[in-house]
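# Secondary and tertiary structure notes
These are the residues of each chain, in order.
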Amino acid sequence: MMEGEGWRCLWDAKAILGESTIWDDRDGCIYWVDIEAPSINWYHLESGAKGRWSAPVWVSAIAPRASGGFIASCAEGFAHVDPKRQVYQPIIHPIPNPKVARLNDGVTDRQGRYWSGSCDSSQWDESTTAEDKESTLGNLDKRSTGELYRLDADGMVSTQERNIVTANGPAFSPDGRVAYVNDSMPLVSWAYDVSGDGQLSNRRDFLTFKPEDGYPDGMAVDVEGCIWMAFYESWMLRRYAPDATLLEERRLPVRRGLRPAFGGTDHGRLFLITGSQGYGEDAFAREPLAGGLFEILDPPAAGVPTVPFVG
């Protein structure tokens, strides 16, 4: 186990495109997926034991499900999965044309509804480096095929936002009344008001970035309402106040942070999966821990516990 200033590498996993870090109170494990090496992986926090299930299709996000296992975003839409029992059961595919868009990040809100966004398939397949992404910034209108979906307990899916290039998140304020959604390629983070029945309104820019800031990716929210945001291609994990003030930066030993998550028995520990897509020997020589699972040490506030999917 390697440790540096403000971080500890729990698992040198060499994830290619690690995503969806999530803590599961039921078994004391941190879970994460690798989209490019289709799998669901887990790390038992107390013992350090590791597990991996090679999924039948790629999985981009998971969240605990109240009735057991997980709800997942995957190649065939939404699915019920249980990696330890090797269960995979597709439910419904929300994307009208899966050839032009694919599901990406996903989380539950404070009422246990599952939210998952999609991203433009060509952006995903073609843009693996900062240079690739910057070269496509002028073509975003052609690539805004992504949407944001809400899956309710009864299995009904609704589209809550359209014209997204790369949806990441969302994340929800502690009281569930504000949602934060990143569109990574246009370098913007939005905030919305959330009604009691899960409708979004009053979209406004929460944060905007430049390519040198990195591409905003996954998020986690702490009990103070602050947003921890990972950045692809920037070495940084940043903490923002609800008024968008930058409160803290944590420099990582790797460039590609993907999604943070709070966990541990009191949800006072912070974890982060990273990626190594397109890396060869030279890149790994510079970043030997790329694709690792990290703990971010001594966060100033605990996280908000995840509400399991109610469906």
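Sequence order sets the numbering: in each chain, residues are counted from 1 along the sequence as written. The predicted origin of the model limits local features to residues at a pLDDT of at least 70 and limits the giving and counting of side-chain atom pairs to 80 or more, whereas totals for whole chains, interfaces and linings rest on all residues. As a convention, hydrogens and water are excluded, and side-chain values are obtained from all of the structure's heavy atoms.

### Structural notes on the sheet that holds strand E12 (residues 114–120)
Strand pairing in a sheet takes place through backbone hydrogen bonds and is either antiparallel or parallel in direction. Put simply, the rule reads: A strand pair is defined by DSSP finding two or more bridges across the two strands. Helix and strand definitions follow DSSP, with helices as H or I runs of at least four residues and strands as E runs of at least two, each counted in order from the N terminus. To obtain an axis, a line is fitted to C-alpha atoms, over the contacting stretch when the element is a helix, and the angle between two such axes runs from 0 to 180 degrees between their N-to-C directions.
Read across the open sheet, the four strands follow the order E11-E12-E13-E14; overall the sheet is antiparallel. Two strands lie at the open edges of the sheet, namely strand E11 (101–108) and strand E14 (157–164), each paired on one side alone. When the angles between neighbouring strand axes are averaged without regard to direction, this sheet yields 20 degrees. Sheet topology note: the strand E13 (residues 146–151)/E14 ladder contains five bridges and is antiparallel. Counted as the bridge partner of Leu-148 is Glu-161 from E14.

### Comments concerning the environment of Ile-35
Locating Ile-35 in the fold gives a position in the loop between strand E4 (29–34) and strand E5 (39–44). Remark: the alpha-carbon pair of Ile-35 and Gly-18, spanning 17 residues in sequence, is separated by 6.5 Å.

### Examining the pairing of strand E25 (residues 293–296)
Let me state the cut-off plainly: Throughout this description, buried means an accessible area under 20% of the type-specific maximum (1.4 Å probe, protein chains only), exposed means over 50%, and partly exposed covers the range between.
Across the two faces of E25 the burial is the same, with Leu-293 and Glu-295 and Phe-294 and Ile-296 all buried. In terms of strand pairing, strand E2 (residues 7–11) meets E25 through four bridges, oriented antiparallel. Across the sheet, the residue bridging to Arg-8 is Glu-295, located in E25. Pairing between strand E24 (residues 269–274) and E25: four bridges, direction antiparallel. Bridge assignment links Phe-271 to a residue of E25, and that residue is Glu-295.

### Thoughts on the environment of Leu-187
Using the following cut-off: Every residue pair with non-hydrogen atoms within 4.5 Å of one another is taken to be in contact.
Along the chain, Leu-187 falls in the loop between strand E16 (178–183) and strand E17 (188–194). Classification of Leu-187 by relative accessible area gives buried; the value is 6%. Leaving out residues up to four positions away in the same chain, Leu-187 has contacts with Leu-207, Thr-208, Phe-209, Lys-210, Pro-211, Gly-214, Tyr-215 and Pro-216.

### Here's the deal with the nonpolar core
Nonpolar side chains tend toward joint burial in soluble globular proteins. Selection criterion: In plain words, nonpolar cores are sets of buried Ala, Val, Leu, Ile, Met, Phe, Trp, Tyr and Cys residues tied together by side-chain atoms within 4.5 Å.
With 48 residues, the main nonpolar core has Ile-30, Tyr-31, Ile-62, Val-81, Met-229 and Leu-293 as its most contacted residues. The element best represented in this core is E4, accounting for five residues. If near-sequence neighbours (up to four positions away) are discounted, Val-81 is found in contact with Ile-40, Trp-53, Ile-62, Gly-69, Phe-70, Ala-72, Val-87 and Tyr-88. Counting residues in hydrophobic clusters, the runner-up holds 17 residues, among them Leu-252, Val-254, Phe-262 and Leu-270.

### Some words on the pattern of salt bridges
Inclusion rule: By convention in these notes, a salt bridge is any Lys or Arg side-chain nitrogen within 4 Å of a carboxyl oxygen on Asp or Glu.
On inspection of all chains with the given rule, the structure shows 19 salt bridges. A salt bridge links Arg-162 to Glu-147; the shortest N-O distance between them is 3.5 Å. With Arg-162 in strand E14 and Glu-147 in strand E13, this residue pair connects regions lying 15 residues apart in the sequence. Take Arg-162: its relative accessible area is 49%, and that puts it in the partly exposed class. A salt bridge links Arg-255 to Glu-287, with the nearest nitrogen and oxygen atoms 2.8 Å apart.

### With respect to the side chain of Thr-21
Note the cut-off: Between N or O atoms, a polar contact is any pair within 3.5 Å; within protein, one atom must be a potential hydrogen donor and the other a potential acceptor, and residues adjacent in sequence are included only when both atoms are from side chains.
The topology assignment puts Thr-21 in strand E3 (residues 18–24). Since its relative accessible area comes to 1%, Thr-21 is described here as buried. Polar side-chain contacts of Thr-21 include one of 2.5 Å to the backbone oxygen of Arg-259. Residues within four places of Thr-21 in sequence aside, it is in contact with Ile-30, Tyr-31, Trp-32, Arg-259, Pro-260, Ala-261, Phe-271, Leu-272, Ile-273 and Leu-293.

### Concerning the sheet that holds strand E15 (residues 167–172)
With antiparallel pairing, the four strands of this open sheet are ordered in space as E15-E16-E17-E18. Unpaired on one side and paired on the other, E15 and strand E18 (200–208) mark the two borders of the sheet. Taking each pair of neighbouring strands and ignoring which way they run, the sheet shows an average axis angle of 25 degrees. In this sheet, E18 lies alongside E17 in antiparallel orientation, the contact comprising six bridges. Bridging from a neighbouring strand, Val-194 pairs with Leu-200 of E18.

### Points about the pairing of E17
Residues in a regular strand point their side chains to alternate faces of the sheet. Along E17, six of the seven residues are buried, which leaves the element largely enclosed by surrounding structure. Bridge count for E16 against E17 is six bridges, and the pairing is antiparallel. Along E17, the bridge assignment pairs Val-181 with Trp-190. With antiparallel pairing between neighbouring strands as the criterion, E17 and E18 make up a hairpin whose turn holds five residues, including Gly-198 at a positive phi of roughly 85 degrees.

### Focus: the packing of aromatic side chains
Where we set the bar: Geometry of aromatic contacts follows a simple scheme: Phe, Tyr and Trp rings, the Trp one being its six-membered ring, pair when their centres are within 6.5 Å, and the pair is stacked under 30 degrees between planes, edge-to-face over 60, tilted otherwise.
Applying the stated criterion across every chain yields a total of 13 aromatic pairs. With a centroid separation of 6.4 Å and an interplanar angle of 65 degrees, the aromatic rings of Phe-209 and Tyr-240 are classed as edge-to-face. Remark: Tyr-240 occurs in strand E21 (residues 236–240) and Phe-209 occurs in the loop between E18 and strand E19 (215–221); sequence separation between them is 31 residues. Judged by its relative accessible area of 5%, Tyr-240 falls in the buried class. Look at Trp-228 and Phe-262: their rings are 6.4 Å apart centre to centre, the planes differ by 75 degrees, and that puts the pair in the edge-to-face class. Here Trp-228 is found in strand E20 (residues 227–232), whereas its partner Phe-262 is found in strand E23 (residues 257–263), with 34 residues between them in sequence.

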